[in-house]
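Take a look at the letters that make up each chain.
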Amino acid sequence: MKLKKIEIRHTTENVYIYFNEESKEGIIIDPGDYGSRIIEFIKEKQLNIKGIFLTHGHYDHILAVKEVKEFTKAKIYAHKEEKFVLENPDINLSGVRGDKGVSSVQITPSVLLKDDEVIEFKGFKIKTIFTPGHTKGCACYLDEENKILFTGDTLFKGNIGRSDLPTSNEGDLKRSIIKIFKLDDNIKVYPGHMFSTTIGYEKQNNLNALALVK
């Protein structure tokens, strides 16, 4: 398996393109902008993108969804509880930002996922882990065989997601962090912002997470 990260400069959001080198099938996690760069990489590697996976619906994670979907024809995957956030600009914050170049965005998922649901592709599988808190329908995506976890804005290196935004809930976030910390220490974590880490490192060093779950 191969992983390409594209960092969106103006929001520091991480877009991930995760793909099997042999089958050329892949997925995109949280295309938050730079649609042309994402498409350029897909063309360069001759990838067959089968899914656009959204960890949650905030504007900085979805601005390039429509552009990428139009090119790839891939299905849009999100947890079923996030549909409301994705379809409402005032809730996903695209309608209230006022940032230059950011307009209201409404995304309708093709597939509504459930906790523990597994989606199979040629050469890898992706498991949905329901992790509400940052939003009501946040999800992490796990490749168990390769020990890769995409956490969106639930867990960062040395930090955790905010719980003071529309549909956020601190109690839910606490339960979600506890749930994530039960995973294998060796799992590598790729968050929605900043740097990669591991479950084991965060369990020992993430003071914000540890303070929340104590």
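Residues numbered from 1 in each chain as written. Predicted model: local features only at pLDDT ≥ 70, side-chain atom pairs only at ≥ 80, totals over all residues. Heavy atoms only, no water.

Enquirer: For this particular structure, what's the right way to read the side chain of E202?
Expert: Within the secondary structure layout, E202 lies in helix α6 (residues 199-205). Among the polar contacts listed, one links the side chain of E202 to the side chain of N206, at a separation of 2.8 Å. (Helix = DSSP H or I, 4+ residues; strand = E, 2+ residues; numbered from the N terminus. Polar contact = N/O pair within 3.5 Å; in protein donor to acceptor, adjacent residues only side chain to side chain.)

Enquirer: Whenever I open this one, helix α2 (residues 65-72) confuses me. Can you help?
Expert: Helical geometry note: an α-helix holds 3.6 residues per turn, so side chains three or four residues apart project in the same direction. Of the positions making up α2, those classed as buried are V65, V68 and T72. Along the axis of α2, the buried positions cluster into a sector of 75°, meaning they face one direction only. Exposed residues on α2 whose side chains face more than 90 degrees from its buried face are K66 and E70. Buried residues along α2 sit against β3 (25-29), α1 (35-45), β4 (48-53) and β5 (75-79). (Buried < 20%, exposed > 50% of the residue type's maximum accessible area, 1.4 Å probe, protein only. Arc of directions from axis to C-beta. Contact = heavy atoms within 4.5 Å.)

Enquirer: Before we go on, may I ask you to explain the packing of α1 against α2 in this structure?
Expert: Two elements in contact, α1 and α2, have axes whose closest approach is 9 Å; the angle formed by their N-to-C orientations is 25°. Classed by the angle they form, the pair α1 and α2 counts as roughly parallel. Considering the relative orientation of α1 and α2, their crossing is right-handed. Contact with α1, carried on its side by G35, S36, I38, I39, I42 and K43, involves E67, V68, F71 and T72 of α2 and no other residues of that element. The residue inventory of the contact of α1 with α2, partitioned by class, reads five nonpolar, three polar and two charged. (Axes fitted to C-alpha atoms, helices over the stretch in contact; angles between N-to-C directions. Parallel < 35°, antiparallel > 145°, perpendicular 65-115°, else oblique. Left-handed = near helix turned anticlockwise from the far one by under 90°. Nonpolar A, V, L, I, M, F, W, Y, C, P; charged D, E, K, R; others polar.)

Enquirer: Teacher, can you tell me more about the nonpolar core here?
Expert: Taken as a class, soluble globular proteins show a tendency for nonpolar side chains to be buried jointly. Of all hydrophobic cores here, the largest spans 23 residues; its most connected members are I17, I28, I38, L54 and I107. Where this core is concerned, the elements lending two or more residues are β1 (2-8), β2 (13-19), α1, β4, α2 and β5. Formed by 17 residues, the second largest nonpolar core is a distinct cluster that contains F53, V111, I148 and Y190. (Core = buried A, V, L, I, M, F, W, Y, C linked by side-chain atoms within 4.5 Å.)

Enquirer: Which parts of the structure should I look at to understand the environment of R162?
Expert: Tracing the chain through its elements places R162 in the loop between β12 (159-160) and α5 (170-180). Take R162: its relative accessible area is 48%, and that puts it in the partly exposed class. Here the alpha-carbon distance between R162 and L173, two residues eleven residues apart in the chain, equals 8.8 Å.

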